[in-house]
Amino acid sequence: MRKAEQFGIYQDNAIEVSTLLANPEAFAQAKRFIDQDLNRSFSPHILTGTQSQHECQLARVISRHFSQRLPQDQSGQHFIIDLHSTTANMGITLGVRSDEPLNLRVAAYIQKSYDHFWCLKRKTGGVPCQKHS
């Protein structure tokens, strides 16, 4: 991520690309999270709540950050790629949240680029429903 920014890899794209180290405190401590999994902290309950856990606060800040970058007449026009390590032996895995054409095209592109690639298509609620290898 830092090298991509340093060498300006994204600067000539027709789309705006930004990077974010979402949980620098956990990263500095070589931990995945401080109080709870950040990925599980983007629920409406947490985003509209006042919970004080570190990742709940981060989720609200990140959500506001991306919401403020949208034109006022648009909502939800972001394509977010969440890169992180895992302790599971999953290889290169992409979780696709919906059948949106862009999501499926990105998954197909990545699948063509890597020999050992897993794509998990998720139903509402985050339950895996298909695997492709």
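Residues numbered from 1 in each chain as written. Predicted model: local features only at pLDDT ≥ 70, side-chain atom pairs only at ≥ 80, totals over all residues. Heavy atoms only, no water.

### Some remarks on the pattern of salt bridges
And step 1. Scanning the entire structure with this criterion turns up two salt bridges.
And step 2. When the shortest N-O distance is used, the salt bridge between R32 and D37 registers 3.2 Å.
And step 3. On the basis of relative accessible area, R32 is assigned to the partly exposed category, the value being 40%.
And step 4. Put simply, R40 and D37 hold a salt bridge, and the shortest N to O gap is 3.6 Å.
And step 5. With a relative accessible area of 64%, R40 lands in the exposed category. (Salt bridge = Lys/Arg side-chain N within 4 Å of Asp/Glu carboxyl O. Buried < 20%, exposed > 50% of the residue type's maximum accessible area, 1.4 Å probe, protein only.)

### Things to note about unusual backbone geometry
A negative phi angle is the norm for most residues apart from glycine, just as the trans form is the norm for most peptide bonds.
And step 1. Positioned with a positive phi, A30 is a non-glycine residue whose angle comes to about 55°.
And step 2. Along the chain, the position of A30 falls in the loop between helix 2 (24-28) and helix 3 (44-47). (Helix = DSSP H or I, 4+ residues; strand = E, 2+ residues; numbered from the N terminus.)

### Thoughts on the environment of E25
And step 1. Mapping E25 onto the fold places it in helix 2.
And step 2. Placed 29 residues apart in sequence, E25 and H54 show a C-alpha to C-alpha distance of 9.3 Å.
And step 3. For E25, the residues in contact, after removing those within four places along its chain, are I34 and H54. (Contact = heavy atoms within 4.5 Å.)

### Side note on the confidence of the model for the protein
And step 1. Considering every residue of the protein, the mean pLDDT works out to 75; 69% of them sit at 70 or more.
And step 2. This model gives residues 124-133 a pLDDT under 50, and the stretch forms 20 contacts once residues within four places in sequence are excluded. (pLDDT = per-residue confidence, 0-100.)

### Thoughts on the side chain of E55
And step 1. If you trace the backbone, E55 turns up in helix 4 (residues 54-68).
And step 2. An unpaired buried charge is present at E55: no salt bridge exists, and K31, the closest side chain of opposite charge, is 7.9 Å distant.
And step 3. A polar atom in the side chain of E55 sits 2.5 Å from the backbone nitrogen of I34.
And step 4. Within polar-contact distance, the side chain of E55 engages the backbone nitrogen of D35 at 2.8 Å.
And step 5. Every residue in contact with E55, bar those within four places of it in the chain, is listed here: N23, F33, I34, D35, Q36, D37, L38 and S41. (Lys, Arg positive; Asp, Glu negative; His and termini not counted. Polar contact = N/O pair within 3.5 Å; in protein donor to acceptor, adjacent residues only side chain to side chain.)

### Notes on helix 4
And step 1. Taking 1.5 Å per residue, 15 residues should reach 21 Å; helix 4 reaches 21 Å between its end C-alpha atoms and fits that length.
And step 2. Within helix 4, burial applies to H54, E55, C56, L58, A59, R60, I62 and F66.
And step 3. The inward-facing, buried residues of helix 4 abut helix 2 and helix 3. (Expected span 1.5 Å × (residues − 1).)

### Some points on the side chain of S41
And step 1. Considering the arrangement of structural elements, one finds S41 in the loop between helix 2 and helix 3.
And step 2. Overall, S41 belongs to the buried group, its relative accessible area being 0%.
And step 3. A polar atom in the side chain of S41 sits 2.9 Å from the side chain of Q36.
And step 4. Apart from the residues within four sequence positions on either side, S41 is in contact with Q36, I46, L47, E55, C56 and A59.

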